[in-house]
Amino acid sequence: MFVNLWKSAPFLRLIWPLIAGIITGLNLPVIPWPLLAVCCACWLAPAFLSITWRYRLRYLRGAAVAGTVFWLGMWLVYQQDVRHQASWYGHFAAAAGQADSADAAGNTLTLAVTLLESPVKKTASWKAEAHVDHVYGESPQPATGNILLYFKEEPPLHYGHRILLRTAVTPIRGTGNPGAFDYAGYCRYHNLFHQAFLQPGNWQKLPGNKGQRLEKWLIAMRNYCLNTLKTYIPRREEYGVAQALLIGYRGELDKDIVQAYSNTGVIHIIAISGLHLGLIYVTLLQLLRWLPSRRLTNIAKALLLMAVLWAFALLTGASASVLRSAVMFTTIAAGQFMINRHASTFNTLAAAAFLLLCYNPFFLLDAGFQLSFLAVAGILTCYKPVYDCWMVRNRWLDKVWQMTAVSLAAQVFTWPVCLLYFRQFPNYFLPANLVAVPLSTALLYGEILLVALPWLGGVSGVVLQWGIRIMNAAVQWIDGLPGAVTANIYISPAQMYCLYAFTVAVCVWWLLKRRVACLWALAALLGYTGLRAVRNLNIAAQQKLVVYNVPRKTLVEYVSGWHAVRFGDTLAASERYTAPAHLVMGVKTMSVSSAGLEAGGRSDAAGYPLNHNGHPAIVNPSVPPAFRTGTATTNHPGAAPAVTAPPVLLVCNGKRILLWKGRFLPAATPQRKIKLHYLVLSADAPQHIERFDDFFIYEKIIFDASCPAFLLRKWKSKCNKLPLRCFSVPDKGAFVVNL
């Protein structure tokens, strides 16, 4: 089976070296011209040899083709990265003194940009992506590259509008917290590296509109669809789902409903995917059956199918999964109606992946791209064997079994990567899909009818509203059942590969009846178990200090084995930052320490302090009394002493970390300085940080996330002059160190 498939699907042989080249290019951004020269030589060399040597070297040309495709993958990554273009505006920023690094505070630049979208409302600002056209210095310089703009107030701007701005351009950064979403990496693979925060006086609108006509038409059509649905489906819970179901717009979705769809494994219903294009393709085929089967009519039918599919794909935003489906159906339509050939579906799938990766190699890192192709590969491989396991005679029960077989087959190659990305598994995905897929199909047809014939909106709007309400209620009811979702699952990429090896081995044993595959599956499970055991041993022995990057908050944790002790702000809002970190670090229990709020505490045999759980984390007796009692003096002569919170000295695994609390330092310096490894300062620390040298000997100063930008600039400038080693959590992300 697989041997014949390998021979009949040439793109299946080409996609793997392309993927390998892209992965190599992501980690080694160079163009290996010598490799291309070697591949060309290996391709041409057999032509000058005898027939005997040509036969002996018959595999050399195949290897040369694979090597060329590998080189193509590396070249595509290099060319797609805008930073390698001489006109990228980031080079002008670097020349102006703003290096693209975590320490760059951002110098003022003057840019002319064109908006690529209308500003979207965020929590405290309006966000829009824009393309940089010119950088203004002594003279305007043409530039390229995209930038994220955040307006403090709602701007009267839309797609294609041009503005002139003068502001600080800063690198895009993520929080850097353990287990957190890598937002900076996500933007980097979308060629977004900088952002700018604009006040009303920092920008002005320029005349003209540089928007493309096709994009303007698509935006107008998208707005028409959104407004039509909002008019005839008034309740937010329903029209939010309706908008997501029709064109993939998720700005109005209720968060609880999204979570319910995610927990039940039907999130693909409200995320435009190949399912939607498949329904449209099948419907169009049925509507065009009356056309005679002739050469010209078949070509017209194929062109009409392609036009509708690509118009819908562009209308919905052209996500990776939608593009995959559009390319596949375009290939099928062209082969069936234009050249009268039915290509291998596996070859079509591989060709779609090959073409999309040539268009944008960063699609390889897109979760939607991966899940879409893996799901289709699972359906093509396993649907028929699963369906053949039970021969159902009843027509309607057979339809249900077909849907069940499709859902099971789609999970075969997607479940390991779902565990890696989403860290949960929907246990009731089968009944949820059996309910949601038929309902969503009927609703999609109804929404298309409503948009096409709005004068029927009075009736169809009510029917759609009740249909969506029933679907939401069913999904939320399934989500509320006991054991609906298995959450807090953590696997590493290496463990995911072991699970894929196990899955492939089981498929080989099941489909090809190869008994040796059972040994492969057992070896994969042993590898997974071994990796899990090593992780558990590392967790049991770990000693870590984590200074979290929580905006305007002080949050520090000492992690010892499976337990964590928290210091600083303990608001419930901080849990969304610490919960993923605890999952990644293996923390199962957590306590909140009150150390530093009151003096005293018990000590171990070595004199190091202990909290009530026996973990070393309270004020050390060697701290001068002025620190422990909370009484301190100001830095100015004659000023009255101030009462401030005492600092917290952590002694962890032989390392001393001082969490400074309070704005003032004692007037009198100690006879002997206190030796520290790390000094953590918050926003209420003394601004004259050079005075800490009079009290402490330390290796590094850490500025936590509560410190404002102006204070960070002041402190980092002083550290550079003294010099002192420092680490800024708001700039570089969370500070994590093994103790």
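Here goes a summary of the coordinates provided. (Residues numbered from 1 in each chain as written. Predicted model: local features only at pLDDT ≥ 70, side-chain atom pairs only at ≥ 80, totals over all residues. Heavy atoms only, no water.)

### A closer look at a nonpolar patch on the surface
What counts is decided by this rule: Only residues whose relative accessible area exceeds 30% and that take part in no salt bridge are eligible for patches, with like-charged residues grouped when within 9 Å of each other and nonpolar side chains (Val, Leu, Ile, Met, Phe, Trp, Tyr) grouped when within 5 Å. In short, Shrake-Rupley with a 1.4 Å probe defines the accessible areas, and a residue's cover is counted only from the protein chains shown. When a carboxyl oxygen of Asp or Glu lies within 4 Å of a side-chain nitrogen of Lys or Arg, that pair is called a salt bridge. Each helix is a run of DSSP H or I of at least 4 residues and each strand a run of E of at least 2, with the numbering of both proceeding from the N terminus.
Among the surface-exposed residues, Trp 390, Leu 397, Val 400, Leu 434 and Val 435 lie close enough to one another that they form a single nonpolar patch of about 380 Å² accessible area. Those elements giving two or more residues to the nonpolar patch turn out to be α16 (395–412) and α18 (429–452). The residue Val 435 is located in helix α18 in this model.

### Notes on the nonpolar core
Spelled out, the test is: What we call a nonpolar core is a set of buried Ala, Val, Leu, Ile, Met, Phe, Trp, Tyr and Cys residues that are connected through their side-chain atoms within 4.5 Å. With a 1.4 Å probe rolled over the protein chains alone, any residue whose accessible area is under 20% of its type maximum counts as buried; one over 50% counts as exposed, and the rest are partly exposed. Contacts were defined at the residue level, with two residues in contact if any of their heavy atoms lie within 4.5 Å.
Leu 18, Leu 357, Phe 369 and Ile 491 are the most contacted members of the largest nonpolar core, which totals 46 residues. Elements supplying a minimum of two residues to this core: α2 (10–27), α5 (58–80), α13 (320–338), α14 (345–359), α15 (367–387), α16, α17 (415–422) and α20 (493–512). Ile 491 has contacts with Pro 416, Leu 419, Leu 420, Met 496, Leu 499 and Tyr 528, leaving out every residue within four places of it along the chain. By size, the runner-up hydrophobic cluster in this structure holds 32 residues, among which are Ile 257, Val 266, Ile 270 and Val 437.

### What to know about the environment of Leu 434
Its place among the elements puts Leu 434 in helix α18. Look at Leu 434 and you get partly exposed, because its relative accessible area is 30%. Residues Leu 434 and Val 400 lie 34 residues apart in sequence; the distance between their C-alpha atoms is 7.4 Å. In this view, Leu 434 contacts Val 400, Met 403 and Thr 404; residues no more than four positions away in its chain are not counted.

### As for the side chain of Lys 301
Inclusion rule: Asp and Glu count as negative and Lys and Arg as positive, but His and the ends of the chain are not part of the count.
One can find Lys 301 in helix α12 (residues 295–315). Of the side chains bearing the opposite charge, Asp 398 lies closest to the buried Lys 301, which forms no salt bridge; the N-O distance is 25 Å.

### Structural notes on the sheet that holds strand β12 (residues 555–560)
This is how it is decided: Following DSSP output, two strands are said to pair if at least two bridges run between them. To obtain an axis, a line is fitted to C-alpha atoms, over the contacting stretch when the element is a helix, and the angle between two such axes runs from 0 to 180 degrees between their N-to-C directions.
Taken in spatial order, the five strands make up an open sheet running β14-β13-β12-β11-β26, and their pairing is mixed. Edge positions in the sheet fall to β14 (589–592) and β26 (735–738), since each has one partner strand and no second. Each adjacent strand pair in this sheet contributes to an overall mean axis angle of 20 degrees, direction not counted.

### Points about the pattern of salt bridges
Under the defined criterion, the tally for this structure stands at 13 salt bridges. Between Glu 237 and Arg 235 there is a salt bridge whose closest N-O contact spans 3.7 Å. Looking at Glu 237, the relative accessible area reads 33%, which means it is partly exposed. Note on Arg 235: relative accessible area 36%, which makes it partly exposed. With its nearest N and O atoms 2.6 Å apart, the salt bridge here joins Arg 235 to Glu 238. Taking relative accessible area as the criterion, Glu 238 reaches 2% and is therefore assigned buried. A single network of salt bridges, built from pairs that share partners, joins Arg 235, Glu 237, Glu 238 and Arg 469.

### What to know about the layout of surface pockets
The following threshold applies: Note on definitions: the grid is 1 Å and covers protein atoms alone; a cavity is a set of points where a 1.4 Å probe fits but cannot get out; a pocket is an open set with protein on both sides within 12 Å along at least five of seven lines; lining residues have an atom within 4 Å of a point. Grid points are joined across faces, edges and corners, and a volume is the space filled by probe spheres set on the points. Lys, Arg, Asp and Glu make up the charged group, whereas Ala, Val, Leu, Ile, Met, Phe, Trp, Tyr, Cys and Pro make up the nonpolar group; the residues left over, Gly among them, are polar.
The calculated volume of the second largest pocket comes to roughly 490 Å³. Lining the second largest pocket are 19 residues, and of these Ile 280, Val 308, Phe 312, Leu 315 and Ile 448 sit closest to its centre. Only α8 (213–232), α9 (236–247), α11 (274–287), α12 and α18 provide two or more residues apiece to the lining of the second largest pocket. Of all the elements, α11 adds the most residues to the lining of the second largest pocket, at five residues. By residue class, the composition of the lining of the second largest pocket is 18 nonpolar, one polar and no charged.

### So, the sheet that holds strand β20 (residues 655–659)
Taken in spatial order, the five strands make up an open sheet running β19-β20-β22-β24-β25, and their pairing is mixed. Looking at the sheet topology across the chains shown, the edges are occupied by β19 (648–652) and β25 (726–728). Strand after strand, the sheet turns through a mean of 20 degrees between neighbouring axes, direction not considered. As judged from the five bridges shared by β19 and β20, these two strands associate in the antiparallel manner. Residue Leu 649 lies in a different strand from β20, and its bridge partner there is Leu 658.

### Describing the packing of aromatic side chains
Applicable threshold: Note on aromatic contacts: the rings of Phe and Tyr and the six-membered ring of Trp form a pair at centre separations within 6.5 Å, being stacked when their planes are under 30 degrees apart, edge-to-face when over 60 apart, and tilted otherwise. Over a ring means this: the NZ of a Lys or the CZ of an Arg is within 6 Å of the ring centre and within 35 degrees of the ring normal.
Under the definition given, this model contains 24 aromatic pairs. Geometrically, the ring pair formed by Trp 33 and Trp 71 is tilted, given 5.3 Å between the ring centres and 55 degrees between the ring planes. With Trp 33 in helix α3 (residues 33–44) and Trp 71 in helix α5, this pair connects stretches of sequence that are 38 residues apart. Among the aromatic residues, those joined into a cluster by ring pairs are Tyr 359, Phe 363, Phe 369 and Phe 373. One Lys or Arg, Arg 58, reaches over the ring of Tyr 55 and ends 4.2 Å from the middle of that ring. The aromatic ring of Trp 562 is capped on one face by Lys 588, whose charged end is 4.7 Å from the ring centroid.

### Considering the pairing of strand β13 (residues 563–568)
Among the six residues that make up β13, five are buried, leaving the element largely enclosed by the rest of the structure. Pairing analysis gives six bridges linking β12 to β13, with the strands arranged antiparallel. When the bridges of β13 are listed, Val 559 appears paired with Ala 564. Counting the residues between successive antiparallel strands, the hairpin from β12 to β13 contains two residues, one of them, Gly 561, with a positive phi of roughly 65 degrees.

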